[in-house]
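Descriptive structure summary
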Amino acid sequence: MFKKKRHIFSVVLMLLLIIFGIGYVKATDEVTQTVNQLEEQNSENVSSIFDSKIVDGVYKTSENSTNMYLPFIRFVTDRMIVDSEITKSGFSFANKSIEINSPMKGVQVMFSSDTIRVNSNVEYGVLIANGNIIIDSQISKDLVLISTGTITISENAKLNENLICVCQNLELKGNVEQSVIGSAVMANITGNIENDLRLMSNDVKLSSNQNVKNNIYIETYNKDLNISDQYKNVTVVLKEVKKQSEFTFDKIMSMFITCLVFTLMYIVINKIAKKNVFLLMLNKVKENSSMVIVSGALLLLACLPIFFVLLILSMIGIWAVTVPILIIYIVFLVIIYILNIFVIGSLLYSYIKEKYLKSSGIGTDILGAFCMFLVLSVLTKIPLVGPYILLIMYILSLGIVFTLIFKRKKVNN
């Protein structure tokens, strides 16, 4: 089975860096133009700081009551149809399909729960679809496509620069003047690539020996894949599926050392506080159990939307505020991920100690805390169910820390 999912994160990170770099360079010029346009359009109705809109139903850009002269954000509950020229960068989300029938300039970041069709010229495109993506026009700059279905570059399509893609199937029938880079379970190339083809793929088909003008680099798990007969500049790297045990000697030693460190942290924190601070935390969590679950799930699910919203806000000139917020948010998620076993284990052992081991000493605390951390660590390594246990613990840890920080203790009159 072709494991493409492990590469999605790196591709997404790369496209985000591309967007941010482009947006930052364009931000100063866009802000200057905006000031001039605002002076000329004093009669225009302005109802908010940013050009953001939530549309219930089908949304057509031609139905805008005002000229879209700012970078924009659009959330649409149904289909989105671009039927008027857009000259500014934007972030768009549609619960159904997105259809682009008029030119769009700037950086366009679009999410769709269905198909995305591009029938007109786009400058920079970052298109993400839970369905198919069809390109049937000219793209001036780099194009980034992420699809759970098929990406089709039609015969009429012309990409002036690179295509970066992640998809199930890639049908490339048009022209790419630079390189094609990414991951596709199956790739069928009948068009022209003027530079390189660099893919992770299980099946690559080329209609002739002239489809790719430069180098071909393929990483695959398919040992029968062989296209070297058609091209000289071909590198095929065969990947092997290795079954790795989570209970090798090195991993067991690492697990023991981690549990010892967590145990030391537990004892030191309690000694410094001169009371069972984790029991106090447990009581606060029990009083706000609903908030723990809801806040933990929201903090994890909202990470990608928050990232893109802060990115768009950075592009329109307030990066001095949004970038620090983004850094704090990412650091918070990473730290809690590293310490999630410590957070859950400390509270669980405090509960057991309060209920069954009230008269225990320091030795019992060391042994009990270590065993609790070790049990949780082993549970996360169990095949099939381990990742789900880890995810649940991570969500609970996020909610616990968020609740402890922001929820005030109830004061009894």
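Everything below is about the structure printed above this text.
All of the points below concern the structure found in this document. (Residues numbered from 1 in each chain as written. Predicted model: local features only at pLDDT ≥ 70, side-chain atom pairs only at ≥ 80, totals over all residues. Heavy atoms only, no water.)

1. Some details on helix α4 (residues 289-301)
Taking 1.5 Å of rise per residue, 13 residues should cover 18 Å, and α4 covers 19 Å from first to last C-alpha, within 8% of that figure. The set of residues buried in α4 consists of V292, S295, G296 and L299. One side of α4 carries all its buried residues, which in axial view fall inside an arc of 105 degrees. For α4, the exposed residues set more than 90 degrees away from the buried face come down to S290, I293, L298 and L301. (Helix = DSSP H or I, 4+ residues; strand = E, 2+ residues; numbered from the N terminus. Expected span 1.5 Å × (residues − 1). Buried < 20%, exposed > 50% of the residue type's maximum accessible area, 1.4 Å probe, protein only. Arc of directions from axis to C-beta.)

2. Some thoughts on the pattern of salt bridges
On inspection of all chains with the given rule, the structure shows six salt bridges. Notably, a salt bridge pairs K96 with D78, separated by 3.5 Å at the nearest N-O pair. Here D78 lies in the loop between β3 (72-76) and β4 (80-82) and K96 lies in the loop between β5 (90-94) and β6 (98-100), a separation of 18 residues in the sequence. For K96, a relative accessible area of 40% translates into the label partly exposed. Judged by relative accessible area, D78 falls into the buried class, the value being 19%. Across the pair E161 and K141 runs a salt bridge, and its minimum N-O distance is 4.0 Å. On the criterion of sequence distance, the pair formed by E161 in the loop between β14 (158-159) and β15 (163-172) and K141 in the loop between β11 (138-139) and β12 (143-147) is long-range, its members being 20 residues apart. Since its relative accessible area comes to 25%, E161 is described here as partly exposed. (Salt bridge = Lys/Arg side-chain N within 4 Å of Asp/Glu carboxyl O.)

3. A word on the nonpolar core
Core analysis: the largest hydrophobic core is formed by 49 residues, its most contacted members being I135, L145 and L197. When residues of this core are assigned to their parent elements, the largest contribution, five residues, is made by β15. Ignoring anything within four residues of it in the chain, the contact list for L145 reads L127, I133, I135, I151, I153, L163, I164, C165 and V166. A369, F370, F373 and M393 belong to the second largest nonpolar core, which has 31 residues in total. (Core = buried A, V, L, I, M, F, W, Y, C linked by side-chain atoms within 4.5 Å. Contact = heavy atoms within 4.5 Å.)

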